[in-house]
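Understanding the architecture of this molecule
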Amino acid sequence: MTKEEKAYDAIVLGAGAAGMFCAATAGQRGRRVLLLDHAGQPGKKILISGGGRCNFTNLHTAPDRYLAQNPHFAKSALSRYTPADFLALVESHGIAWHEKTLGQLFCDESAKQIVAMLLEECAKGGVDLQCGEAIRSVDHADGLFRVSHGDNTAQAPALVIATGGPSIPKMGATGFAYDLARQFGLKVVQPRPALVPLTLPAEDALFRDLSGVSTEVIARVNGKGGGKVAFREAALFTHRGLSGPAILQISSYWQRGDTITTQFLPDREEGWLKTLKRERPKAGLRKVLSEDLPDRLAEALCERLGLSGDLGNLSDKALAAAEARLARWPFVPNGSEGFAKAEVTAGGIDTSGLSSKTMEARKVPGLYAIGEAVDVTGWLGGYNFQWAWASARAAGLAL
Ligand SMILES: Cc1cc2nc3c(=O)[nH]c(=O)nc-3n(C[C@H](O)[C@H](O)[C@H](O)COP(=O)(O)OP(=O)(O)OC[C@H]3O[C@@H](n4cnc5c(N)ncnc54)[C@H](O)[C@@H]3O)c2cc1C
């Protein structure tokens, strides 16, 4: 052993949500843990999450709210560390929280409190946290992992990959986890941007001109990945295409060539336009639409429907066709805003090579992968952090 080489029981790469929680869990079980990050400070994504308030979990966490090639993989870890467990930890640190909507729990004050809590938990476990140094190499021989970082080398019989996915590279996110996984013979499911705004082609300029307009819709995707998934939330028109929670959610299921449909006026019952025609024949279609939709959107939809004038002058057939179109308005995005704007990365380290109980690689004893680096991707709304905590806990208890 060289002068600089230090021995640990486990080395955790990546001091994000999963890495910090895993290191704290193992440290508090008496393991000597080194936690490394190339960024100058830990938990940078936590700090910007949830608009600075960190949507740290979701009360409705369930395996069907995650995308993964193996939909069963996440079940074990999620059932053994639940939103209630994480909430108990948050409360034990005196952090005030609230439920915003749809089971999403946020800090009342600041995401900084979650980072401070994780650092405190790491300190309780005597974790050796070192930030701001590049990881130069990782080797494995004689049952030991050797990590060169900065001018130092550390060794341990266990190594945890917790370096996340490449979404938001300007924050220091990298595909390092995948390189490392491949180095050890693990497969990687093609990573792709998820929870990401979608872009619309030039022929949809009418909608791109609505930049800033938002309305509640039910978004669906017609394609292999979509199935029966539908999200009822706000959609937002942007100068490049579509965003807002409903679109971010459906983007995770979208593949190039798929059509997204948005159901405008989701509370209207079938036949509502024909009924209105009888009740208010002198009302114009645009006027009627703008009673429930932003004015500019109502105008754009009427223009695209090619219908103008009073409802009384429009045929029942034309109104039924308009209604059907409004209920399944098709958009064919020509792309997404990519990793630069994606809240998470779908795909990642293939779960077929990992134990769902411990996150350990089946063929490389001592190697673990957790958090976003793994091919498990949650819906918008606190699900991704819950996966980070649950997978980190599973590994931390096995180290
Ligand atoms: C803007 C934004 C808002 C979000 N809001 C929410 C939210 O409110 N709720 C929610 O559930 N999810 C949210 N997410 C997703 C959530 O942040 C991630 O799913 C979660 O942080 C994943 O945890 P992780 O520990 O696996 O990865 P990360 O938290 O990304 O941590 C990975 C760590 O590894 C380090 N690292 C990367 N490459 C290397 C390398 N080569 N060498 C050394 N270290 C490296 C990084 O610096 C980082 O500290 C948000 C994401 C973004 C981008």
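Criteria and cut-off values
- Residues numbered from 1 in each chain as written.
- Predicted model: local features only at pLDDT ≥ 70, side-chain atom pairs only at ≥ 80, totals over all residues.
- Heavy atoms only, no water.
- Buried < 20%, exposed > 50% of the residue type's maximum accessible area, 1.4 Å probe, protein only.
- Helix = DSSP H or I, 4+ residues; strand = E, 2+ residues; numbered from the N terminus.
- Arc of directions from axis to C-beta.
- Contact = heavy atoms within 4.5 Å.
- Domains from an automatic or database assignment.
- Buried area = accessible area lost by both parts, 1.4 Å probe.
- Polar contact = N/O pair within 3.5 Å; in protein donor to acceptor, adjacent residues only side chain to side chain.
- Phe/Tyr/Trp six-rings, centres within 6.5 Å; stacked < 30°, edge-to-face > 60°.
- Lys NZ or Arg CZ within 6 Å of the ring centre and 35° of its normal.

1. Section: helix α6 (residues 176–183)
Along α6, the residues that are buried comprise Ala177, Tyr178, Leu180 and Ala181. Looking down the long axis of α6, one finds its buried residues gathered within 165° of arc, a one-sided arrangement. Contacts from the buried residues of α6 go to β2 (10–13), β9 (135–141), β12 (159–161), β13 (188–194) and β21 (344–349). Count one or two residues on from α6 and you reach Gly185, which has phi positive near 80°.

2. A look at the domain arrangement of the protein
Often, the extent of an interface is quoted as the loss of accessible area on bringing the components together. Assigned domains within the protein: domain 1 (5–192 + 346–398) and domain 2 (198–336). Each of domain 1 and domain 2 was reduced to a C-alpha centroid, and the two centroids are 39 Å apart. Contact with domain 1, which involves 5 residues of that partner, is made by 8 residues of domain 2. For the pair domain 1 and domain 2, the summed buried surface comes to about 640 Å²; carbon and sulfur atoms form 59% of the total. It is Leu67, Trp379 and Leu380 that lose the most area in domain 1 upon contact with domain 2, and together they represent 68% of the buried surface on that side. Run the count over domain 1 and domain 2 and you get 3 residue pairs in polar contact (both at pLDDT 80 or more).

3. Describing the packing of aromatic side chains
Two aromatic rings, taken as a pair, are described by how far apart their centres are and by the angle between their planes. Scanning the model with the defined rule gives 17 aromatic pairs in all. Plain terms: the ring middles of Phe21 and Trp389 are 5.9 Å apart, the flat faces sit at 80° to each other, and that makes the pair edge-to-face. A residue pair is termed long-range when its members are at least 10 positions apart, and Phe21 in helix α1 (residues 17–28) and Trp389 in helix α13 (residues 383–398) qualify at 368 residues. Take Phe21 and Trp389: they sit in the same class, and that class is buried. For the ring pair Phe231 and Tyr253, a centre distance of 6.1 Å and an interplane angle of 40° mean the geometry is tilted. With Phe231 in strand β16 (residues 230–237) and Tyr253 in the loop between α8 (245–251) and β18 (259–263), this residue pair connects regions lying 22 residues apart in the sequence. Exposure class is identical for Phe231 and Tyr253. Each is buried. Among the aromatic residues, those joined into a cluster by ring pairs are Phe21, Phe56, Tyr81, Phe86, Phe385 and Trp389. One cation-aromatic arrangement involves Arg325 over Trp329; the distance from NZ or CZ to the ring centre is 4.3 Å.

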